[in-house]
Structures are given as C-alpha cells and as structure tokens.
Amino acid sequence: MNGCESGAGPGAAGVVIASTRAALGVYTDRTGPIITGWLREHGFETGEPVVVPDGAPVGAALSALLGRHPAVVLTSGGTGLSPTDETPEMTLPLLDREVPGIMEAIRAAGLAKTPMAALSRGHAGLAGRTFVVNLPGSPSGVMDGLAVLDPLIRHICEQVAGGHGH
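Everything quoted here is computed from the prediction, not taken from an experiment.

J.: Explanation requested: helix 6 (residues 139–149) in the structure shown.
T.: The α-helix advances 3.6 residues per turn, and as a result positions three or four apart in sequence lie on the same side. With 8 of 11 residues buried, helix 6 lies mostly within the body of the structure. For helix 6, the full list of buried residues reads Pro 139, Gly 141, Val 142, Asp 144, Gly 145, Leu 146, Val 148 and Leu 149. Here the buried face of helix 6 lies against helix 2 (31–41), strand 4 (72–76), helix 5 (100–111), strand 7 (130–135) and helix 7 (153–160).

Below, the structure is given as structure tokens:
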C-alpha cells in the first residue's frame, strides 16, 4: 500500500543520492540530509539516503525502493551532462506517467538564480502510485526543487491516492 493512501499521514518516502565520489567516501554527501529533513518536516517517514555511484546503481536503488511502494522517492545528482550523469535514463523507464510541469517549475526556480539550471535533465512522474522526482545534485538546486514541491506535495499525494480535491 502507498503511504499517501492512509489517513495517518503522508507515509513512507525514500531518497537516492547519485554520486560516485560520495559513494566511495571521497566526500560527504550534503544533499541527502537536506532532502530527508524536508521529507520529515512534511510528515514522511524516511530512513537514511541511499548513496550510490552514478549510472546503473541508481536504477537498482530506485527499483529496490519502488518495490517497497513508498509515497515519494526523491533523487539528487546525476542529472547534468557529464558522461556518468545517467539518473534521468535510470528513472524514465520506471515511470508510468510523467509530470513534466514539476521539472519545468524546478528548472524555472533555478534559472532565477543561475543559468546552469537549464542543464538539468531530471524527470518527475509516477511509478505506480509513487511520486518520483529527480532533483539536481547541488544543495542550492535541491533547495530550489524542494521549494517548488513545498506547496504541492500534499495535493500530489492526495491526488495519487484517489482524492479529487482541486
């Protein structure tokens, strides 16, 4: 059952961080704590972020999380143009329906601060009844994305669960 379906709260959420260097311990991931903190502030139950190398491990981590049927899965990293940035390619095959307006809004929010936001190739959509969003890999990009999701996340969960409040 998807966590958004229960009346007790928004339910479970998962976080995948795509960063080869963080996965290898070269540096400490800074985006995972921002995302998990935001999810918890919004009432989601979430464990620690899953930090994996770029590429196929992202797809494996996403598939594993989606197998638990959480309400939300947020990723960070791997959405740029470097040869190993493959988070969008790992995400898209798992989505049943895309929600392009979310990514348009996230890119627009980022563009207000940096032209580099136009380079983000992330996806947003539904994998079954789980809402999935690829956030950028920088802390500021993550915060811009979460600011976009802030007024929407509850409504998204209600709609995914079959609520029709518009």
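J.: What is the right way to read the side chain of Asp 85 from this model?
T.: Along the chain, the position of Asp 85 falls in the loop between strand 4 and helix 4 (87–91). Buried within the structure, Asp 85 lacks any salt-bridge partner; its nearest side chain of opposite charge belongs to Arg 121, at an N-O separation of 6.0 Å. Ignoring sequence-local partners within four residues, the contact set of Asp 85 consists of Asp 54, Gly 78, Thr 79, Gly 80 and Arg 121.

J.: Please clarify how the environment of His 69 should be interpreted in this entry.
T.: Residue placement: His 69 occurs in the loop between helix 3 (56–66) and strand 4. His 69 gets classed as partly exposed once you look at its relative accessible area, which sits at 47%. Along the sequence, His 69 and Gly 55 sit 14 residues apart, while their C-alpha atoms lie 22 Å from each other. Within the local environment of His 69, its side chain forms a polar contact with the backbone oxygen of Gly 67, the two atoms lying 3.5 Å apart.

J.: Please clarify how the pattern of salt bridges should be interpreted in this entry.
T.: Two side chains with opposite charge may pair up if their charged atoms get near one another. In total, this model carries 3 salt bridges according to the counting rule given. Between Arg 40 and Glu 48 there is a salt bridge; the shortest N-O distance is 3.8 Å. Given a relative accessible area of 40%, Arg 40 falls into the partly exposed group. For the salt bridge of Arg 121 with Glu 89, the shortest nitrogen-to-oxygen distance reads 2.7 Å.

J.: Would you mind going over the pairing of strand 6 (residues 124–127) with me for this structure?
T.: Within a regular strand, side chains alternate between the sheet's two faces. Side chains Ala 124 and Leu 126 of strand 6 all project onto a buried face; the interleaved residues Gly 125 and Ala 127 project onto the opposite face, where all are buried too. Where strand 5 (residues 97–98) meets strand 6, 2 bridges bridge the pair, whose relative direction is antiparallel. Across the sheet, Arg 97 pairs through a bridge with Leu 126, a residue of strand 6. Sheet topology note: the strand 6/strand 7 ladder contains 4 bridges and is antiparallel. By the bridge assignment, Gly 125 is partnered in strand 7 with Val 132. Here strand 6 folds back onto strand 7 in antiparallel fashion, the turn holding 2 residues, of which Gly 128 has a positive phi close to 65 degrees.

Cut-offs used in this document
Residues numbered from 1 in each chain as written. Predicted model: local features only at pLDDT ≥ 70, side-chain atom pairs only at ≥ 80, totals over all residues. Heavy atoms only, no water. Buried < 20%, exposed > 50% of the residue type's maximum accessible area, 1.4 Å probe, protein only. Helix = DSSP H or I, 4+ residues; strand = E, 2+ residues; numbered from the N terminus. Contact = heavy atoms within 4.5 Å. Lys, Arg positive; Asp, Glu negative; His and termini not counted. Salt bridge = Lys/Arg side-chain N within 4 Å of Asp/Glu carboxyl O. Polar contact = N/O pair within 3.5 Å; in protein donor to acceptor, adjacent residues only side chain to side chain. Pairing = 2+ DSSP bridges.

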